Amino acid sequence: MTQLLYEGKAKQMFTTDDPNVLRVVYKNDATAFNGQKKASFDGKGRLNNAICTKIFKMLQKNGVPTHYLDTISENEQLVRAVNIIPIEVVVRNVVAGSLSKRLGIDEGKSLGRTIIEFYYKSDELGDPMINSDHALAMEIATKDELVEIRRLALSINDALQNFFAEAGILLVDFKLEFGKLKETGAIVLADEISPDSCRLWDKETHEKLDKDVFRRNIADLPETYEKLLKRLEDVK
Ligand code: UDP
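Residues numbered from 1 in each chain as written. Predicted model: local features only at pLDDT ≥ 70, side-chain atom pairs only at ≥ 80, totals over all residues. Heavy atoms only, no water.

The following threshold applies: UniProt positions are given in the numbering used here, feature names are shortened, and annotations may be inferred rather than shown by experiment.
For the protein chain, an unreviewed UniProt entry supplies the name Phosphoribosylaminoimidazole-succinocarboxamide synthase and the organism Sporolactobacillus inulinus CASD. Under the UniProt heading Catalytic activity (unreviewed entry), the entry covering the protein chain gives this text: "5-amino-1-(5-phospho-D-ribosyl)imidazole-4-carboxylate + L-aspartate + ATP = (2S)-2-[5-amino-1-(5-phospho-beta-D-ribosyl)imidazole-4-carboxamido]succinate + ADP + phosphate + 2 H(+)". As its UniProt record puts it under Sequence similarities (unreviewed entry), the protein chain is described as follows: "Belongs to the SAICAR synthetase family."

1. Overview of the overall build of the protein chain
How we decide: Each helix is a run of DSSP H or I of at least 4 residues and each strand a run of E of at least 2, with the numbering of both proceeding from the N terminus. Buried, partly exposed and exposed residues are distinguished by accessible area as a fraction of the type maximum, computed with a 1.4 Å probe on protein chains only: under 20%, between the cut-offs, and over 50%, respectively. We get accessible surface area from the Shrake-Rupley algorithm with a probe of 1.4 Å; when it comes to residues, only the shown protein chains can shield them. Counting rule applied: Lys, Arg positive; Asp, Glu negative; His and chain ends not counted. A single reference atom marks each charge: NZ on Lys, CZ on Arg, CG on Asp, CD on Glu.
Each helix and strand counted, the protein chain has 6 helices and 14 strands in total. Dimensions along the principal axes, computed over C-alpha positions, put the protein chain at roughly 45 × 40 × 35 Å. Per-residue burial for the protein chain yields a buried fraction of 50% across its 236 residues. When the accessible surface of the protein chain is summed, it comes to about 11700 Å², and 49% of that surface belongs to carbon and sulfur atoms. In the protein chain, which carries 34 positive and 38 negative side-chain charges, the distance between the mean positions of the two groups comes to 3 Å.

2. Overview of the site of the ligand
Defined as follows: Near is defined per residue: the residue qualifies when any heavy atom it owns lies within 4 Å of the molecule or strand. Polar contacts here mean pairs of N or O atoms no more than 3.5 Å apart (in protein, one a potential hydrogen donor and the other a potential acceptor; neighbouring residues in sequence count only if both atoms are side-chain atoms). All residues other than Ala, Val, Leu, Ile, Met, Phe, Trp, Tyr, Cys, Pro, Asp, Glu, Lys and Arg, Gly among them, are scored as polar; the first ten of these are nonpolar and the last four charged.
Within the structure, the ligand sits among 16 residues, and Arg92, Ser98, Asp173, Arg199 and Arg215 are positioned closest to it. Between arginine 92 and the ligand, the recorded distance is 2.7 Å, taken from a side-chain N or O atom to an oxygen atom. Starting from 500 Å² of accessible surface for the ligand in isolation, the protein chains cover 76%. Counting residues per element, the ones that place at least two in the shell around the ligand are β9 (87–94), α2 (97–103), β12 (169–181) and β14 (198–202). Each residue belonging to the shell around the ligand can be placed in one class, and the counts come to 5 nonpolar, 3 polar and 8 charged.

3. Some words on the environment of isoleucine 193
Take isoleucine 193: it is sitting in the loop between β13 (187–190) and β14. Separated by 144 residues in the primary sequence, isoleucine 193 and asparagine 49 have C-alpha atoms spaced 9.5 Å apart.

4. A few points about the sheet that holds strand β3 (residues 21–26)
What counts, and what does not: Two strands qualify as a pair provided that DSSP identifies no fewer than 2 bridges between them. Axes here mean lines fitted to C-alpha atoms, for a helix over just the part in contact, with angles spanning 0 to 180 degrees between N-to-C directions. Contact criterion: two residues are considered in contact whenever any of their non-hydrogen atoms come within 4.5 Å of each other.
Ordered in space as β1-β2-β3-β7-β6, the 5 strands form an open sheet in which the pairing is antiparallel. Of all strands in the sheet, those with a lone pairing partner are β1 (4–7) and β6 (68–73), marking the two edges. Put simply, the sheet's adjacent strands are angled 25 degrees from each other on average, direction ignored. Packing of helix α1 (residues 44–61) onto the sheet brings it into contact with β3, β6 and β7 (76–80), and relative to β6 it is tilted by some 150 degrees.

5. Some remarks on the environment of valine 21
Mapped onto the fold, valine 21 is located in strand β3. Along the sequence, valine 21 and lysine 57 sit 36 residues apart, while their C-alpha atoms lie 17 Å from each other. In this structure valine 21 touches Thr15, Thr16, Leu69, Leu78, Val79 and Ala81, once residues within four positions along its chain are discounted.

What follows is the structure, given as structure tokens:
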């Protein structure tokens, strides 16, 4: 019997017969502003599953360890079981969103160097920003783990920037989550990489191809994600 282990805003996780393998179901729900704005869109689960599958496979080819194992239906993946490290790692190449608000810099300004930010994963607290000292003092990661997380985040950024560039897309920023494999404790990329968790702009026009179209009521979400998937299909 498989059991619902966890239900998040956009995904459900189920156990499988193998204790080291979980089944992820991508839902059609979309939320923004810490769950204050909610909607459901036919096709969203399928689109995010397809986009995320493509990205995880590309990253694995580039030597990035991930929890991804297989895609078993339109909206389901099998992944390796991990203990999630409760840090949301945000990587930024271009100013947008909360960074623009916090520092008063216009959206769209390219950053001279990549910024990595840590947020403590807590719905109750609204995911407050933390630094390495907080993470160490709270014992949510060790020094070595933080070094590894930063190294992986930067190499994922390199691979993703190249991948999206081939589709004429600018990788503005994105959020990552890492976990420790239940089997070995090794740190791997977990959760998802999708237009829910990335800002992706057309390189020329800066048209948004991500969840900001929903957050800011700019365009239809499934149409936007479909457009993104089509453009990624041409990338080998
Ligand atoms: N992000 C995310 N989940 C979160 C917060 C942020 O996936 O809980 C992603 C978001 O889609 C964007 C990047 O992380 O690609 C940076 O988000 P930002 O800090 O600018 O926050 P926002 O403006 O989305 O509130």
